[in-house]
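The residues making up each chain are set out below.
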Amino acid sequence: ILNVEQSPQSLHVQEGDSTNFTCSFPSSNFYALHWYRWETAKSPEALFVMTLNGDEKKKGRISATLNTKEGYSYLYIKGSQPEDSATYLCAFDSNYQLIWGAGTKLIIKP
Amino acid sequence: DAGVTQSPTHLIKTRGQQVTLRCSPKSGHDTVSWYQQALGQGPQFIFQYYEEEERQRGNFPDRFSGHQFPNYSSELNVNALLLGDSALYLCASSLASGNTIYFGEGSWLTVV
């Protein structure tokens, strides 16, 4: 059974601080790794689709790295703002199917 | 350009009943996937449709079935509803694997 683990489950961060969290996934049958941001009562919003080992992607204050050989990806948020409060989900793409982690719930304290 | 649209947004059904949820993919997308999300969990993959055929299926019983129409829209059917089927059902569309996937806002199903 393919499993995707995200840690921590939840995270409280002071506004202005930087933070990061982890997505662990199977190192075989890798096709892509997706990161999504999900705010309550909204559709999940795509952040990154990562396909190459060693890849690093950036979108504003958010960036992500990928290690397909060891099966992990990190998501970084620099200078957290209240609007960053959301659940961040990663999904392992083995072609045809996405296997999702349970998410990291990020709460930014003003 | 409309994104992924789902209907209904909320519904309540009784145990044993059947339900049909509908999804229209983002314009130009030919692949539709369905997910179930229970409270506190990540989305669980139900199945994916491409060219009107079920291409891949997750670990869901046969009570869960689907269909894709020539215009790429899709339906999710659940028969003999159980209380445990209460969840948010998400539809997602894409062009192919490895590309950005767009989600609808989901259909909240409550089984009583």
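A brief report on the enclosed structure follows. (Residues numbered from 1 in each chain as written. Chains lettered and ligands numbered in written order. Predicted model: local features only at pLDDT ≥ 70, side-chain atom pairs only at ≥ 80, totals over all residues. Heavy atoms only, no water.)

### Remarks on the pairing of strand 6 (residues 56-59) of chain A
So, step 1. Sheet topology note: the strand 6 of chain A/strand 7 (residues 62-67) of chain A ladder contains 4 bridges and is antiparallel. Bridged to Lys58 of chain A within strand 7 of chain A is Ser63 of chain A. (Pairing = 2+ DSSP bridges. Helix = DSSP H or I, 4+ residues; strand = E, 2+ residues; numbered from the N terminus.)

### A few points about the sheet that holds strand 3 (residues 19-24) of chain B
All names here are of chain B.
So, step 1. Across the sheet, 4 strands lie side by side as 1-3-8-7; this open sheet has antiparallel pairing. Every other strand in the sheet has two partners, leaving strand 1 (5-7) and strand 7 (64-68) as the edge strands with one partner each. Here the average twist between neighbouring strands, direction ignored, is 15°.
So, step 2. Pairing between strand 7 and strand 8 (residues 74-78): 5 bridges, direction antiparallel. Across the sheet, the residue bridging to His67 is Glu75, located in strand 8. (Axes fitted to C-alpha atoms, helices over the stretch in contact; angles between N-to-C directions.)

### Looking at the side chain of Thr22 of chain A
All names here are of chain A.
So, step 1. Tracing the backbone through its elements, the reader meets Thr22 in strand 3 (residues 19-24).
So, step 2. Judged by its relative accessible area of 17%, Thr22 falls in the buried class.
So, step 3. Among residues more than four places away in sequence, those in contact with Thr22 are Glu5, Gln6, Ser7, Trp35, Ser73 and Tyr74. (Buried < 20%, exposed > 50% of the residue type's maximum accessible area, 1.4 Å probe, protein only. Contact = heavy atoms within 4.5 Å.)

### Quick look at the side chain of Asp84 of chain A
So, step 1. Its location among the elements puts Asp84 of chain A in the loop between strand 8 (72-77) and strand 9 (86-93).
So, step 2. For Asp84 of chain A, a relative accessible area of 5% corresponds to the buried category.

### Topic: the pattern of salt bridges
Residues and elements named next belong to chain A.
So, step 1. Enumeration according to the criterion identifies 6 salt bridges over all chains in this entry.
So, step 2. Between Glu39 and Arg37 there is a salt bridge whose closest N-O contact spans 3.0 Å.
So, step 3. As a salt-bridge pair, Glu45 and Arg37 come within 3.5 Å of each other at their nearest N and O atoms.
So, step 4. Residue class for Glu45 comes out partly exposed when judged on its relative accessible area of 35%.
So, step 5. Judged by its relative accessible area of 10%, Arg37 falls in the buried class. (Salt bridge = Lys/Arg side-chain N within 4 Å of Asp/Glu carboxyl O.)

### Looking at the interface of chain A and chain B
By a widely used convention, the size of an interface equals the accessible area lost when the partners come together.
So, step 1. Chain A puts 18 residues into the contact, and the matching count from chain B is 19 residues.
So, step 2. Carbon and sulfur atoms make up 61% of the surface buried where chain A meets chain B, a total of about 1,600 Å² over both sides.
So, step 3. Elements with a minimum of two residues in the side of chain A that touches chain B: strand 4 (32-38), strand 5 (45-50), strand 9 and strand 10 (98-100) of chain A.
So, step 4. Of the residues contributing to the side of chain A that touches chain B, the split by class is 12 nonpolar, 5 polar and 1 charged. (Buried area = accessible area lost by both parts, 1.4 Å probe. Nonpolar A, V, L, I, M, F, W, Y, C, P; charged D, E, K, R; others polar.)

### Quick notes on the layout of surface pockets
So, step 1. A volume near 640 Å³ is recorded for the largest pocket.
So, step 2. In terms of lining, the largest pocket is formed by 23 residues, of which the most central are Trp38, Thr40 and Thr87 of chain A together with Gln37 and Gly40 of chain B.
So, step 3. Secondary-structure elements contributing two or more residues to the lining of the largest pocket are strand 9 and strand 11 (104-109) of chain A.
So, step 4. Of the residues belonging to the lining of the largest pocket, the class tally is 10 nonpolar, 9 polar and 4 charged. (1 Å grid on protein atoms, 1.4 Å probe; cavity = no way out; pocket = protein on both sides within 12 Å on 5 of 7 lines; lining within 4 Å. Points joined across faces, edges and corners; volume = space filled by probe spheres on them.)

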